[in-house]
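For reference, the chains in residue letters:
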Amino acid sequence: MTDFSRRKNLKKLALATTAFGGLPYLNLKASPLNGPLKGNVNHAVCHWPFNPMTLEELCIGIKKIGFNAIDLVGPNNWHILQKHDVVCSMCNGADLGIVQGFNDPQNHNKLIQGYEEVIPLMAKAGYKNIIAFSGNRKGMDDETGLKNCAEGLKKIMGLAERHGVTVVMELLNSRVDHPDYMCDKSDWGVELCKMVDSEHLKLLYDIYHMQIMEGDLIRTIKKNHQYFGHYHTAGNPGRNEIDETQEINYPAVIRAILNTGFKGYICQEFIPKSTDKMASLEQAIRICDI
Ligand SMILES: O=C(O)C(=O)CO
């Protein structure tokens, strides 16, 4: 093939994929050929779905795609991110896991101790967000859970405010992946934010989890965006690639998020099915790069 016809073919490909609203049907290798990202979205990715890829390998891979943020990394591993000039867009390491959260007062002392340790470290490292979980219901009603969560969270809000850190409670589905998890509806999470009444408590609106629980994604984002501090993605059903094989219209959802004026991170949390995980990640980033 001549250089000219190769360039023409590449241009045709680019046009076809733009018209489709992303690159959902192409198995692209991460490559500068795909052009720079637009700069409207702060992209991030979670490490855990990419296991057994090391955190270091992921750092190198995302820099090639053109972004520099990884979610759910604790203080012990921040040095790996720092070596590669990658930021931790959502810290962990203070929580007791998904099942044991703020809804049980018996967890409060340990949780408060954890957040008191990690929040000052975050401020030193320049990181802004830390994850929190409601915990499972274990027979508890919604109102008691709300009251308990608010009581526990209020005890760390002053610290978070002083250090410029936002505590972000994750909304997860309780139908498929996390049976019995309490913070499984956006209205419950919004009510919690209202009760705690601090700009330093937000919700992590996980688009995949909330598609399973509620659907009506764009309306919910428009209505509640002031309480949403962070977004996660994955394809539904299956929690895999966010391509055309799944049901969520990611370009439309991301556009709606941007239209709310959101300046935080949109983080990929899908479990790649493809053996070329980095190609899947680049594809997802391009689909969301509105
Ligand atoms: O573990 C999960 O399902 C999560 O979404 C954590 O972010």
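Because the structure is a prediction, the values reported are computed rather than measured.

**Regarding the packing of aromatic side chains**
(1) Moving on: The tally for this structure, following the rule as stated, stands at 7 aromatic pairs.
(2) Moving on: Relative to Phe270, the ring of Phe50 lies with its centre 6.0 Å away and its plane at 75°, an arrangement referred to as edge-to-face. With a gap of 220 residues between them, Phe50 in the loop between strand E1 (42-46) and helix H2 (55-65) and Phe270 in the loop between strand E8 (265-268) and helix H10 (277-288) connect regions that are remote in the sequence.
(3) Moving on: The exposure class assigned to Phe50 is buried, which follows from its relative accessible area of 0%.
(4) Moving on: On the accessibility criterion, Phe270 (0% relative accessible area) is buried.
(5) Moving on: Arranged with centres 4.5 Å apart and planes meeting at 20°, the rings of Tyr205 and Phe228 form a pair that is stacked. A residue pair is termed long-range when its members are at least 10 positions apart, and Tyr205 in strand E6 (residues 201-206) and Phe228 in strand E7 (residues 228-233) qualify at 23 residues. Accessibility classification places Tyr205 together with Phe228 in one group, the buried group.

**A closer look at the confidence of the model for the chain**
(1) Moving on: With 89% of its residues at a pLDDT of at least 70, the chain reaches an overall mean of 91.
(2) Moving on: Taken together, the stretch residues 1-30 has pLDDT below 50 and engages in 35 contacts with residues farther than four places along the chain or on a different chain.

**Quick word on the layout of surface pockets**
(1) Moving on: Its volume calculated, the second largest pocket comes out at about 220 Å³.
(2) Moving on: Residue lining of the second largest pocket: 13 residues in total, with Trp48, Leu72, Ile98, Phe133 and Glu269 positioned closest to the centre.
(3) Moving on: Partitioned by chemical class, the residues of the lining of the second largest pocket number 6 nonpolar, 3 polar and 4 charged.

**So, unusual backbone geometry**
(1) Moving on: Cis geometry marks the peptide bond from Asn51 to Pro52, where omega comes out at 10°.
(2) Moving on: With respect to the element layout, Pro52 can be found in the loop between E1 and H2.
(3) Moving on: Across the junction of Asn236 and Pro237, the peptide omega takes the value -5°, indicating a cis bond.
(4) Moving on: With respect to the helices and strands, the residue Pro237 is situated in the loop between E7 and helix H9 (250-259).
(5) Moving on: Of note, the phi angle at Lys138 is positive, near 45°, even though the residue is not glycine.
(6) Moving on: Counting through the fold element by element, Lys138 comes out in the loop between strand E4 (129-132) and helix H5 (142-162).

**Overview of helix H8 (residues 217-224)**
(1) Moving on: Within H8 the residues assigned to the buried category are Leu217, Thr220, Ile221 and Asn224. Down the axis of H8, the buried side of the element spans an arc of 100°, and every buried residue falls inside it. The outward face of H8, more than 90 degrees from its buried face, is lined by the exposed residues Arg219, Lys222 and Lys223.
(2) Moving on: Where H8 is buried, its residues touch helix H6 (186-196), E6, helix H7 (207-213), E7 and H9.

**A short note on the nonpolar core**
(1) Moving on: Counting 86 residues, the largest nonpolar core has Ile70, Tyr115, Leu153, Val167, Met169, Leu192 and Leu281 as its most contacted members.
(2) Moving on: Residue contributions to this core peak at 8 residues, all from H5.

**Here we look at the pattern of salt bridges**
(1) Moving on: Counted according to the given criterion, the structure contains 9 salt bridges.
(2) Moving on: Between Lys202 and Glu199 there is a salt bridge, with its nearest N and O atoms 3.1 Å apart.
(3) Moving on: The class for Glu199 is exposed, based on a relative accessible area of 61%.
(4) Moving on: For the salt bridge of Arg239 with Glu269, the shortest nitrogen-to-oxygen distance reads 3.1 Å. Of this pair, Arg239 sits in the loop between E7 and H9 while Glu269 sits in the loop between E8 and H10, placing them 30 residues apart in sequence. Of the two residues, Arg239 and Glu269, both sit in the buried class.

About the cut-offs
- The residue count restarts for each chain, going from 1 along the sequence in the order it is written.
- Where local features are concerned, this predicted model is filtered to residues with pLDDT of at least 70; where side-chain atom pairs are given and counted, the filter is 80 or more; whole-chain, interface and lining totals use all residues.
- Note that water and hydrogens are dropped before the side-chain values are worked out from all heavy atoms of the structure.
- Each pair of aromatic rings taken from Phe, Tyr and Trp, with Trp reduced to its six-membered ring, is defined by centres within 6.5 Å and is described as stacked if the planes are under 30 degrees apart, edge-to-face if over 60, and tilted in the remaining cases.
- Put simply, DSSP H or I for four residues or longer makes a helix, DSSP E for two residues or longer makes a strand, and each gets a number counted from the N terminus.
- Each residue's exposure class comes from its accessible area (1.4 Å probe, protein chains only) as a fraction of the maximum for that residue type: buried when under 20%, exposed when over 50%, partly exposed otherwise.
- As a per-residue quantity, pLDDT reports the predictor's confidence and falls between 0 and 100.
- Contact criterion: two residues are considered in contact whenever any of their non-hydrogen atoms come within 4.5 Å of each other.
- Only protein atoms enter the 1 Å grid used here. Points where a 1.4 Å probe fits but cannot escape make up a cavity, open sets with protein on both sides within 12 Å along at least five of seven lines make up a pocket, and a residue lines them when an atom lies within 4 Å of a point.
- Grid points are joined across faces, edges and corners, and a volume is the space filled by probe spheres set on the points.
- Polar here means any residue outside two lists: the nonpolar Ala, Val, Leu, Ile, Met, Phe, Trp, Tyr, Cys and Pro, and the charged Asp, Glu, Lys and Arg; Gly therefore counts as polar.
- Taking the helix axis as origin, the arc is that swept by the directions to the C-beta atoms.
- In these notes, a set of buried Ala, Val, Leu, Ile, Met, Phe, Trp, Tyr and Cys residues joined through side-chain atoms within 4.5 Å is what counts as a nonpolar core.
- We define a salt bridge as a contact between a side-chain nitrogen of Lys or Arg and a carboxyl oxygen of Asp or Glu at a distance within 4 Å.

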